[in-house]
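# Fold and geometry: a report
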Amino acid sequence: MVVKKIRDVLAVLLAGVMTIMSVSGCGQVMPEGDVEMEKSDAIQIGFSMDSFLIERWQRDRDLFVSKAQELGAEVNVQNANGEVDKQISQIEYFIEKEMDVIVIVAIDGNVLSEVVEKAKKAGIKVIAYDRLILDADVDLYISFDNRRVGELMGEYLREALGDEGTVICINGSPTDNNVSFVFSEFKKALQGSGITIDRTGYADNWLAEIGFDFVSEYLAEGNVPDGIMCGNDDIATQVVKALSENRLAGQVYVTGQDADLVACQRIVEGTQYMTVYKPIELLAQRAAEMAVAMAKDEVPETEDTIYDGTYEVPFEKLEPVGVTKENMDEVIIGKYHQKGDVYLNVQE
């Protein structure tokens, strides 16, 4: 009799356990009927990114999102993986979702004016982040002084070479409007010197491996440049790789921009001469602040404007800094990268 009661109790317990398992296996239990989810009252920001192939963009995203959330906004980040059509589709999705502000890192600044116009007609503010969108009359362009980036590269190379020598240039993507700014000022900085630009190339869609092929082909022809201007540190990585395979690493002055960790490591090791540090924490946080302000119909004041080919656009311009081995500790250590990481491969 006792055994039978025990069996009955165990059966009830087992049934209960099975019921719990079946419910948990189906996920969250929702009320019956059609239930409309309550729309958030928070400011909604859509952030359309080019891709995360370049090291810095992940940092931009994280800093922007963190600051926007701190200010009470919600951010929807979309990654276009370098595909223009995909970026346009994602921006249209943001319009459909009635975002308050759309922030765009343009893959191709020449082809987004139509979708930007659509967003503005829907009453959505548009910010061009880091890269200008042409003929679009965006509400704000926020970036670094990209002309100064090129000028810094030219000035540092000129000093290193003593006003004489041959350089080659492998720029970034020709669809990135900043590339023309950087290269034009780089060339101006070399004017009046005995430095000649022997060859120029472009890394389509910022594909860094093009830099490796560009330099490898140049060296295979029996040429050795005194300096190489690289569109960014990602391209410089491939350029230094090509030089290393030809036992020339450290013998050619290589420039870049973005102050990527690997670039800073190369600078203290001696295989890259300089990089241009653009304090993206200031860029991302300031962009988030201005996006939230614009969502509240506030008009952020800027000291500068920039011509997008058709319109004068408000321009929030931040200053870049040239970095070499000499000022690495002062500019980078503890502010952008940690000393142990930068000097990882350097013997004490």
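All of these numbers come straight from a predicted model, not from anything done at the bench. (Residues numbered from 1 in each chain as written. Predicted model: local features only at pLDDT ≥ 70, side-chain atom pairs only at ≥ 80, totals over all residues. Heavy atoms only, no water.)

### Points about the sheet that holds strand β7 (residues 194–202)
Strand pairs in the sheet, formed through backbone hydrogen bonds, run parallel or antiparallel to each other. Strand order in the open sheet formed by four strands is β7-β6-β8-β9, and the pairing between neighbours is parallel. A strand with exactly one partner marks an edge of an open sheet, and here the two such strands are β7 and β9 (253–255). Direction aside, neighbouring strands of the sheet carry axes that sit 20° apart on average. Of the strands in this sheet, β6 (164–171), β7 and β8 (227–230) touch helix α6 (residues 177–190), which is tilted by about 165° from β7. (Pairing = 2+ DSSP bridges. Helix = DSSP H or I, 4+ residues; strand = E, 2+ residues; numbered from the N terminus. Axes fitted to C-alpha atoms, helices over the stretch in contact; angles between N-to-C directions. Contact = heavy atoms within 4.5 Å.)

### As for the nonpolar core
In a soluble, globular protein the nonpolar side chains are often hidden away together inside. Residues I45, F64 and Y129 are the most contacted members of the largest nonpolar core, which totals 64 residues. The dominant element in this core, judged by the number of residues it contributes, is helix α10 (residues 280–295), at nine residues. Excluding its chain neighbours within four sequence positions, the residues that come into contact with I45 are F64, A68, A73, E74, V75, N76, M99, V101, V103, A291 and V292. Counting 24 residues, the second largest nonpolar core, distinct from the first, contains F94, I95, I102 and A106. (Core = buried A, V, L, I, M, F, W, Y, C linked by side-chain atoms within 4.5 Å. Buried < 20%, exposed > 50% of the residue type's maximum accessible area, 1.4 Å probe, protein only.)

### Considerations on the side chain of E185
For E185, the position within the fold is in helix α6. On the basis of relative accessible area, E185 is assigned to the buried category, the value being 13%. When sequence neighbours within four positions are dropped, the list of residues in contact with E185 reads R147, G150 and E151.

### So, the confidence of the model for the protein chain
Summing up the model confidence of the protein chain, the mean pLDDT is 89 and the portion of residues at 70 or higher is 88%. Residue range residues 1–38 is modelled with pLDDT below 50. Its contacts to residues more than four positions away, or to other chains, number one contact. (pLDDT = per-residue confidence, 0-100.)

### Here we look at the packing of aromatic side chains
Evaluated as defined, the whole model comprises six aromatic pairs. Relative to Y129, the ring of F47 lies with its centre 5.5 Å away and its plane at 65°, an arrangement referred to as edge-to-face. Taken as a pair, F47 in strand β1 (residues 43–49) and Y129 in strand β4 (residues 125–129) lie far apart in primary sequence, 82 residues in all. Overall, the relative accessible area of 0% leaves Y129 in the buried class. (Phe/Tyr/Trp six-rings, centres within 6.5 Å; stacked < 30°, edge-to-face > 60°.)

### Considering helix α5 (residues 146–161)
Here α5 is 16 residues long and its end C-alpha atoms lie 23 Å apart, about the 22 Å a rise of 1.5 Å per residue gives. A distance of 3.3 Å separates the backbone nitrogen of R147 from a side-chain oxygen at the start of α5, and that oxygen is part of D145. Positive phi shows up at G162, right after α5, with a value of about 65°. (Expected span 1.5 Å × (residues − 1). Polar contact = N/O pair within 3.5 Å; in protein donor to acceptor, adjacent residues only side chain to side chain.)

### With respect to helix α2 (residues 55–70)
Look at α2: 24 Å from first C-alpha to last across 16 residues, which is about the 22 Å you get at 1.5 Å a residue. Among the residues of α2, those classed as buried are R56, W57, D60, F64, V65, K67 and A68. Summarising the contacts, the buried residues of α2 are in contact with β1, β2 (73–79), β3 (101–104), β4 and α10. Positive backbone phi, approximately 90°, marks G72, located one or two places after α2.

### Notes on the packing of α5 against α6
Remark: α5 packs on α6, axes separated minimally by 7 Å, with the N-to-C direction vectors making an angle of 35°. As for how α5 packs across α6, the hand of that crossing is right-handed. In contact with N146, R147, V149, G150, E151, M153, G154, E155, L157 and R158 of α5, α6 contributes N178, F181, V182, S184, E185, F186, A189 and L190. Counted by class, the contact of α5 with α6 contains eight nonpolar, five polar and five charged residues. (Left-handed = near helix turned anticlockwise from the far one by under 90°. Nonpolar A, V, L, I, M, F, W, Y, C, P; charged D, E, K, R; others polar.)

### Focus on the pairing of β2
Along a regular strand, successive side chains alternate from one face of the sheet to the other. As paired elements, β1 and β2 share seven bridges and run parallel to each other. Bridge assignment links I45 to a residue of β2, and that residue is V75. In this region the chain leaves β1, passes through α2 and returns to the parallel neighbour β2; the handedness of that crossover is right-handed. (Right-handed = clockwise from strand over helix to strand, strands pointing away.)

### Points about the environment of K86
Residue placement: K86 occurs in helix α3 (residues 84–96). For K86, a relative accessible area of 30% puts it in the partly exposed group. Residues K86 and D50, spaced 36 residues apart in sequence, show a C-alpha to C-alpha distance of 9.7 Å. In this view, K86 contacts N79, A80 and N81; residues no more than four positions away in its chain are not counted.

### Focus on the packing of helix α7 (residues 209–220) against helix α8 (residues 233–245)
Helices that pack against each other are described as a pair by the angle of their axes relative to one another and the distance between those axes. Taken N-terminus to C-terminus, the directions of α7 and α8 make an angle of 35°; their axes are 7 Å apart at the nearest point. When you trace α7 past α8, the crossing you get is right-handed. For the pair α7 and α8, contact is made by E209, G211, F212, V215, S216 and L219 and by I235, Q238, V239, K241, A242, L243 and E245, respectively. Partitioning the contact of α7 with α8 into residue classes produces seven nonpolar, three polar and three charged.

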